[in-house]
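# Residue-level structure breakdown
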Amino acid sequence: MSPMPAPSPINEAPLRIEICKDAADLARHAAGLFVTLAGKALGSRRQFAVALAGGETPRRLYELLTQDHYAYQIVWPAVQVFWSDERCVPPSDTRSNYRMALDAMLSKVAIPEGNIHRMRGEDEPGAAAAACEKDLRARFDGAPRFDLVLLGLGADGHVASLFPGSALLDERERLVAATRDPEGLSRLTYTLPLINAARTVAILVSGEGKAEILRRVLAAEARDEGLPVQRVRPAAGQLVWLLDEAAASLLDPPAA
Ligand code: 6PG
């Protein structure tokens, strides 16, 4: 009888780009990453702290994680869930990132309510950001560090609610801040010091609508354009890009 294959090692290269066939395949890769990192974090720290993102691409991941194949591999009582950004709307509002994750995943898995740490979009934005930061510092002994920060990518190069040209891109002190999106809606967002402190940051990008911004971001000659997403560089962690073929369609083929 042939021996069992060895489990594949966790790839911990500081930068990894995975190109998946389509949005469904991307969600499967992201779910695999989530399960792997959750298991690893539990082994060493007894909990898995993850910051969720808004957007359609992460939503597919959340839905997939509720399916038995994935849900049974995750020790939900050890998962602590946060958000990297939020719209300043009540939690019942369909534009709320908390609401989306609740509907797509959190209401369908065995996660204790006390492990869900939403941003209070219904409060005065400055006060809500300060309260969120205070809570994070208390939970992480002063130095918040996520096991996984999930991010989507806007067609303008924004991540979380860090938009091009925002003064928040240079923030060094605050970990959470209030801001406005280009339409003028107030938002709460993690800043780069908090995002870049993560052990793993995964940026999920799907669809041909993102092909042009990805080309700008990843093309070698455009590395220092200063777009928000280009400032995502985990200081002592891993950056994983999960793309689908449509999003990656304008990238140069890898050198032979
Ligand atoms: C949000 C995020 C935003 C989103 C991107 C990508 O709260 O919606 O601020 O950054 O993740 O716009 O969205 P899609 O995955 O839907 O393309």
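Keep in mind the model is a prediction, meaning the values are calculated, not measured. (Residues numbered from 1 in each chain as written. Predicted model: local features only at pLDDT ≥ 70, side-chain atom pairs only at ≥ 80, totals over all residues. Heavy atoms only, no water.)

### Observations regarding the packing of aromatic side chains
Rules: Classification of ring pairs uses Phe, Tyr and Trp, with its six-membered ring standing for Trp, and accepts pairs whose centres are within 6.5 Å; under 30 degrees between planes counts as stacked, over 60 as edge-to-face, and the remaining range as tilted. By definition, any uninterrupted DSSP run of H or I lasting at least four residues is a helix, any uninterrupted run of E lasting at least two residues is a strand, and each is numbered from the N terminus. Think of it in three bands: with a 1.4 Å probe and only protein chains considered, a residue is buried below 20% of the maximum accessible area for its type, exposed above 50%, and partly exposed in between.
This model, assessed by the stated rule, comprises 7 aromatic pairs. Here the aromatic rings of Phe 34 and Phe 48 are separated by 5.2 Å at their centres, their planes lie at 80 degrees, and the arrangement is edge-to-face. Residue Phe 34 is found in helix α1 (residues 23-45), and its partner Phe 48 is found in strand β2 (residues 48-52); the two are separated by 14 residues along the sequence. Relative accessible area serves as the criterion here: at 1%, Phe 34 is assigned to the buried category. Exposure remark for Phe 48: the relative accessible area of 0% places this residue in the buried category.

### So, the sheet that holds strand β7 (residues 186-190)
As a general point, the strands of a sheet are linked pairwise by backbone hydrogen bonds and lie either parallel or antiparallel. Formally: For two strands to be treated as a pair, DSSP must find no fewer than two bridges joining them. Note on definitions: angles span 0 to 180 degrees between N-to-C directions of axes, and those axes are lines fitted to C-alpha atoms, for helices only across the stretch in contact.
Here we have 3 strands laid out as an open sheet, ordered β4-β7-β6, and antiparallel in their pairing. The strands lining the two open edges of the sheet, one partner per strand, are β4 (85-87) and β6 (176-180). For this sheet, the mean angle separating the axes of adjacent strands, direction not counted, is 20 degrees. Bridge count between β4 and β7: 3 bridges; the pairing is antiparallel. Directly across from Asp 85, in β7, lies its bridge partner Thr 189.

### Concerning the side chain of Ser 84
Definition in use: We call two residues in contact whenever any of their non-hydrogen atoms come within 4.5 Å of each other.
Residue placement: Ser 84 occurs in the loop between β3 (79-83) and β4. Its relative accessible area of 0% is what places Ser 84 among the buried residues. If we ignore the near neighbours within four places in the chain, the residues touching Ser 84 are Ala 51, Leu 52, Ala 53, Met 119, Val 149, Leu 150, Leu 151, Ala 160, Leu 188, Thr 189 and Tyr 190.

### Focus on the layout of surface pockets
Threshold: Buriedness for pockets is judged along seven lines, at least five of which must meet protein on both sides within 12 Å for an open set on the 1 Å grid over protein atoms alone, while cavities are sets there where a 1.4 Å probe fits but cannot get out, and lining residues have an atom within 4 Å of a point. Grid points are joined across faces, edges and corners, and a volume is the space filled by probe spheres set on the points. Only Asp, Glu, Lys and Arg are considered charged in this grouping, and only Ala, Val, Leu, Ile, Met, Phe, Trp, Tyr, Cys and Pro are considered nonpolar; every other residue, Gly among them, is considered polar.
One number sums up the size of the second largest pocket: a volume of about 290 Å³. Lining the second largest pocket are 22 residues, with Gly 54, Gly 55, Gly 152, Leu 153 and His 158 positioned closest to its centre. For the lining of the second largest pocket, the elements supplying multiple residues, two or more each, are α2 (56-65), β4, β5 (148-152) and β8 (200-205). At 3 residues, the largest contribution of residues to the lining of the second largest pocket is made by α2. Grouping the amino acids of the lining of the second largest pocket by side-chain chemistry returns 9 nonpolar, 8 polar and 5 charged.

### Re the site of the ligand
Filter applied, for reference: Each residue is tested against the molecule or strand, and it is near if at least one of its non-hydrogen atoms lies within 4 Å. Here a polar contact is taken to be a pair of N or O atoms separated by no more than 3.5 Å, where protein atoms must pair a possible hydrogen donor with a possible acceptor and residues adjacent in sequence count only if both atoms sit in side chains. In these tables, accessible area is a Shrake-Rupley quantity obtained with a 1.4 Å probe, and a residue counts as shielded only by the protein chains included in the view. Criterion for pocket placement: a molecule counts as inside a cavity or pocket if more than half of its atoms are within 2 Å of its grid points.
Around the ligand sit 15 residues in total, of which Glu 56, Thr 57, Asp 85, Ala 160 and Lys 210 are the nearest. Asp 85 places a polar side-chain atom, nitrogen or oxygen, 2.7 Å from an oxygen atom of the ligand. Between an oxygen atom of the ligand and a side-chain N or O atom of Lys 210, the distance comes to 2.4 Å. Protein contacts shield 85% of the accessible area of the ligand, which totals 420 Å² for the unbound molecule. Applying the majority rule of atoms within 2 Å of the grid points places the ligand in the second largest pocket. Elements supplying a minimum of two residues to the shell around the ligand: α2 and β4. It is α2 that provides the largest number of residues to the shell around the ligand, a total of 3 residues. By residue class, the composition of the shell around the ligand is 3 nonpolar, 7 polar and 5 charged.

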